Each structure stands twice: as C-alpha cells, then as structure tokens.
Amino acid sequence: MTLERFFPIVSIVDASIAFLNGGRKIMRGRRTMNRFEGNGNREAKIRYLDGDFQIVLPGSHVICAMTGAIIPVDELRYWSVARQEPYADAQASYDADKRAGILPNQ
C-alpha cells in the first residue's frame, strides 16, 4: 500500500505539507492556516517585559491604556512592565506615569 493511493502526490512540497497536515487533502490555491493564524482583526494579549514583549494570544493590535487608540502589534514601542499596559506614543506613556505617581509634580 503506497501513500499515492490515498494522496495523489503532485510534488514533494505537496507531499510534505500533506504529511504535516495530518494527511488531510490539500486544496490548491488555498493557504493552510496554523494555530497562530486566524482572525487577523482581533486584540492581541501580550506580556510586557523589559525591552521586549511576549505574545500570549495572537492578534493584530492592542489598545492604548491612556488614549484608547488601536496600536498594530508591529508598531508597538511603548509599554509599562509594572502595569502591563501598552501606550500609543511617548506622551501617553508619560501621562500614565504621571497618573500613577511615578513622576514628580512640576
């Protein structure tokens, strides 16, 4: 019994994808999705670290804790590790620190 009997092999790439895809039939012209893909227009859940962040649940964006603005994940530059909050820009980060009492009153 050969693999070709169940899965006609068009190319080696198709055969390897069929094997990795649990033997399910591959449809031409359609991209197979993995567990990190899906609805690209949802909020990501992120763990904020010092100088880096970890994506806990994938998504396309996060919401700024101060302004409510939508921030695409690939444009995320400002966050608070202590409060685990993302910020749209430096001013929003500054305002959050001021509100939290971290900065001295001027």
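The text that follows walks through the structure, step by step, so that each part is easy to find. (Residues numbered from 1 in each chain as written. Predicted model: local features only at pLDDT ≥ 70, side-chain atom pairs only at ≥ 80, totals over all residues. Heavy atoms only, no water.)

### What about the pairing of strand β2 (residues 52-57)?
Pairing geometry for strand β1 (residues 45-49) and β2, over five bridges, is antiparallel. Directly across from Lys45, in β2, lies its bridge partner Leu57. Where β1 hands over to β2, the hairpin turn is made up of two residues, of which Gly51 adopts a positive phi near 75°. (Pairing = 2+ DSSP bridges. Helix = DSSP H or I, 4+ residues; strand = E, 2+ residues; numbered from the N terminus.)

### Details of the nonpolar core
Counting residues in hydrophobic clusters, the biggest one holds twelve residues: Ala44, Ile46, Tyr48, Val62, Cys64, Ile71, Val73, Leu76, Trp79, Tyr87, Ala92 and Ala96. Sorting the residues of this core by element identifies β1 and α3 (90-100) as the ones contributing at least two each. With residues up to four places along the chain from it excluded, the contact list for Trp79 reads Tyr48, Leu49, Gly51, Asp52, Phe53, Glu85, Pro86 and Tyr87. (Core = buried A, V, L, I, M, F, W, Y, C linked by side-chain atoms within 4.5 Å. Buried < 20%, exposed > 50% of the residue type's maximum accessible area, 1.4 Å probe, protein only. Contact = heavy atoms within 4.5 Å.)

### Some details on the side chain of His61
Considering the arrangement of structural elements, one finds His61 in strand β3 (residues 61-63). A distance of 3.4 Å separates a polar atom in the side chain of His61 from the backbone oxygen of Arg42. A polar atom in the side chain of His61 sits 2.9 Å from the side chain of Ser60. Residues contacting His61, with those up to four places away along its chain left out, are Asn41, Arg42, Glu43, Ala44, Ile70, Ile71, Pro72 and Val73. (Polar contact = N/O pair within 3.5 Å; in protein donor to acceptor, adjacent residues only side chain to side chain.)

### Describing the pattern of salt bridges
Per the counting criterion, the structure on display carries three salt bridges. Here Glu85 ties to Arg83 by a salt bridge, and the two come within 3.5 Å at their closest N and O atoms. With a shortest N-O distance of 3.8 Å, Glu85 and Arg99 are connected by a salt bridge. Here Arg99 lies in helix α3 and Glu85 lies in strand β6 (residues 85-87), a separation of 14 residues in the sequence. Relative accessible area serves as the criterion here: at 18%, Glu85 is assigned to the buried category. One network of salt bridges, with partners in common, ties together Arg83, Glu85, Asp97 and Arg99. (Salt bridge = Lys/Arg side-chain N within 4 Å of Asp/Glu carboxyl O.)

### Quick look at α3
Of the residues making up α3, those classed as buried are Ala92, Ser93 and Ala96. Buried residues of α3 fall within an arc of 100° about the axis and therefore sit on the same side. Contacts from the buried residues of α3 go to β5 (78-80) and β6. Measuring from the side-chain oxygen of the N-cap residue of α3 to the backbone nitrogen of Gln91 gives 3.3 Å; that N-cap residue is Asp89. Gly101 occupies a position one or two residues after α3 and carries a positive phi of about 85°. (Arc of directions from axis to C-beta.)

### With respect to the environment of Asp95
Turning to its location among the elements, Asp95 is positioned in helix α3. A relative accessible area of 31% means that Asp95 is categorised as partly exposed. When the C-alpha positions of Asp95 and Met66 are compared, they lie 7.7 Å apart, and in sequence the two are 29 residues distant.

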